[in-house]
Amino acid sequence: MNSENILGRFSLRGKVALVTGAGQGIGRAFAHALADAGADVAVIDREKEASQIVSDEIKRRNPSQKSIAITADVTDESQVKETIKEVVSELGDLTIACNNVGTGQWIDSENMPYADFQAMMRINLDSVFLCAQNEAKHMFTRGYGKIINTASMSAHVANFPQNQSHYNTSKAGVISLTRSLGTEWADRGVRVNSISPGYTRTPLVEELLETEIGKKMWPVWKSRIPQQKMAEVTDLQGAIVFLASAVSDYMTGCDLVIDGGYTAW
Ligand SMILES: NC(=O)c1ccc[n+]([C@@H]2O[C@H](COP(=O)([O-])OP(=O)(O)OC[C@H]3O[C@@H](n4cnc5c(N)ncnc54)[C@H](O)[C@@H]3O)[C@@H](O)[C@H]2O)c1
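Residues numbered from 1 in each chain as written. Predicted model: local features only at pLDDT ≥ 70, side-chain atom pairs only at ≥ 80, totals over all residues. Heavy atoms only, no water.

Per an unreviewed UniProt entry, the protein carries the name Classical SDR family protein and comes from Candidatus Nanopelagicus abundans. Under the heading Sequence similarities (unreviewed entry), UniProt records this for the protein: "Belongs to the short-chain dehydrogenases/reductases (SDR) family." (UniProt positions renumbered as here; feature names shortened; annotations may be inferred.)

Structure representation (C-alpha cells):
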C-alpha cells in the first residue's frame, strides 16, 4: 500500500468549503462537520443572524480555521454569483460546495396552488442548479471540486401519510441533476454527488410536527422506519465529510441514502 493513511485522506485541512442553508438544521451540522475535518467554511443563509451565529460557533470550536457568514438568497442568480465571488476572495479557491437549501410543505395536490408548486421547485431544485453551475465554473479553473447536493429519501419514495408531491418531485429532480452534472463534468475533475436523508430532527421537521396534522404523523412515520427513530443531524455528518474528501474521488453522480432503513423495504 503506497497510499496515505486512510484517516489522513479524510482530512479537509487547507480546503475551502461553502454550505448553503447553514443557519440551522442539517446545513449547520454539515458546516460544523467540514470545519471539524479541517476546512475553512463559508456559512450561507438568507437569515443574517443565523448564519453569523453558526460561523461564530465554528470559529470558537476550531480557532485555527477561518469561517465567514454570508447572507444570500440562493434562488437569486446574481446573489449566487456574488456569494461565490465573496467566498473565493475571503477564503481562497473553493473546493467543496454543499447545496443544501430546501423547504417543505404538506398539501393535497388537487388543491395546491400552482404558485406553491413553482415556489417549491425554485427553492429546492433551481437553487441547486444555480449554485452548482457557478461553483463548477470556478472549480473547472483548477480541475478539481466536490459538489454535494442535499436530496431526500422522498426522491425515492412517496411519503405517507402526508401529501407533498411537489417536494418529492423537486428532490427527484435534485438526484437527476446530480447524476447529469456528475457525468457531464467528470472529465473536468468536478465530482457531483448527493445525500438523501430520511426524517431528521431539525427546525423544519419540528415545526411541521407541532401542527395539528403533524401530531398524527410521528407514530405512522415511526412504524415505517426499521430503526424506529428519526435521524439526528449528527447522523449525517460522516457522509458529508466522506463525499467532501479525497477518499470518495472515484464517486460521481451518486446518491447516499441515510434513512434508518426506510427505503430498504
Ligand atoms: N429534516 C428532514 O427530515 C429532511 C429530510 C430529507 C431532506 N431534507 C433536506 O435537507 C435540507 C435542509 O433541511 P433542514 O431540515 O435542515 O431545513 P431547515 O428549514 O431547518 O433549514 C433550512 C435553512 O435554509 C435556509 N434557507 C431557506 N431558503 C433559503 C434561500 N432561498 N436562500 C438561502 N437560505 C435559505 C433557512 O433560512 C434555514 O436556515 C433541505 O434541502 C431539506 O429538504 C431534510
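Once you've had a look at it, read on.
Visitor: Any details on the nonpolar core? Residues and values, ideally.
Guide: By size, the foremost hydrophobic cluster in this structure holds 33 residues, and its most contacted members are Leu18, Ile44, Val87, Leu94, Ile147 and Trp185. Those elements that provide at least two residues to this core are β1 (16–20), β2 (40–45), β3 (67–71), α4 (77–91), α5 (114–140), α6 (165–184) and β6 (190–197). When residues in this core are grouped by element, the largest group, eight residues, is from α5. (Core = buried A, V, L, I, M, F, W, Y, C linked by side-chain atoms within 4.5 Å. Buried < 20%, exposed > 50% of the residue type's maximum accessible area, 1.4 Å probe, protein only. Helix = DSSP H or I, 4+ residues; strand = E, 2+ residues; numbered from the N terminus.)

Visitor: An account of the packing of aromatic side chains is requested, with residue identities and associated values reported.
Guide: Under the defined criterion, the tally for this structure stands at four aromatic pairs. Measuring from ring centre to ring centre gives 6.0 Å for Trp106 and Trp221, while their planes differ by 85°; the resulting arrangement is edge-to-face. Taken together, the positions of Trp106 in the loop between β4 (96–99) and α5 and Trp221 in helix α8 (residues 212–224) put the pair 115 residues apart, joining distant regions of the chain. Seen in terms of ring centroids, Tyr199 and Tyr262 are 5.8 Å apart; in terms of plane orientation they differ by 80°. Their pairing is edge-to-face. One end of the pair, Tyr199, is in the loop between β6 and α7 (203–210); the other, Tyr262, is in the segment after β7 (255–258), with 63 residues separating them in the sequence. The side chain of Arg188 reaches across the aromatic face of Phe140, ending 4.1 Å from its centre. (Phe/Tyr/Trp six-rings, centres within 6.5 Å; stacked < 30°, edge-to-face > 60°. Lys NZ or Arg CZ within 6 Å of the ring centre and 35° of its normal.)

Visitor: Tell me what's going on with the environment of Asn62, and back it up with residues and numbers.
Guide: One can find Asn62 in the loop between α3 (48–61) and β3. Separated by 53 residues in the primary sequence, Asn62 and Ala115 place their C-alpha atoms 42 Å from one another. Apart from residues no more than four positions distant in its own chain, Asn62 is found in contact with Ala35 and Asp36. Side-chain polar atoms of Asn62 contact the side chain of Asp36, separated by 3.2 Å. (Contact = heavy atoms within 4.5 Å. Polar contact = N/O pair within 3.5 Å; in protein donor to acceptor, adjacent residues only side chain to side chain.)

Visitor: Any chance you could break down the site of the ligand for me, citing the residues and the numbers?
Guide: What surrounds the ligand is a group of 27 residues, the closest being Gln24, Asp45, Tyr167, Thr200 and Thr202. One nitrogen or oxygen atom from the side chain of Asp45 is found 2.6 Å from an oxygen atom belonging to the ligand. Note that an oxygen atom of the ligand is positioned 2.7 Å from one of the side-chain N or O atoms of Tyr167. Its free accessible area being 830 Å², the ligand has 95% of it covered by the protein chains. Listed by contribution, the elements that provide at least two residues to the shell around the ligand are α2 (25–36), α6 and α7. Here the shell around the ligand takes three residues from α7, the largest share from any one element. Partitioned by chemical class, the residues of the shell around the ligand number 11 nonpolar, 11 polar and five charged. (Near = heavy atom within 4 Å. Areas by Shrake-Rupley, 256 points an atom, 1.4 Å probe, with all protein chains shown as cover. Nonpolar A, V, L, I, M, F, W, Y, C, P; charged D, E, K, R; others polar.)

Visitor: So what about the sheet that holds β7? Which residues, and what values?
Guide: Across the sheet, seven strands lie side by side as β3-β2-β1-β4-β5-β6-β7; this open sheet has parallel pairing. Each of the sheet's edge strands pairs with one partner strand only, and the pair in question is β3 and β7. In this sheet, adjacent strand axes meet at a mean angle of 15° when their direction is disregarded. Sheet topology note: the β1/β2 ladder contains five bridges and is parallel. From the neighbouring strand, Val16 faces β2, where its bridge partner is Asp40. Together, β1, β2, β4, β5 (145–150) and β6 form the strand contacts of α2, whose direction differs from that of β1 by roughly 170°. (Pairing = 2+ DSSP bridges. Axes fitted to C-alpha atoms, helices over the stretch in contact; angles between N-to-C directions.)

Visitor: Break down α4 for me, with residues and values.
Guide: Its 15 residues place the ends of α4 21 Å apart at the C-alpha level, agreeing with the 21 Å of an ideal helix rising 1.5 Å per residue. One or two residues past the end of α4 sits Gly92, with phi positive at roughly 110°. (Expected span 1.5 Å × (residues − 1).)

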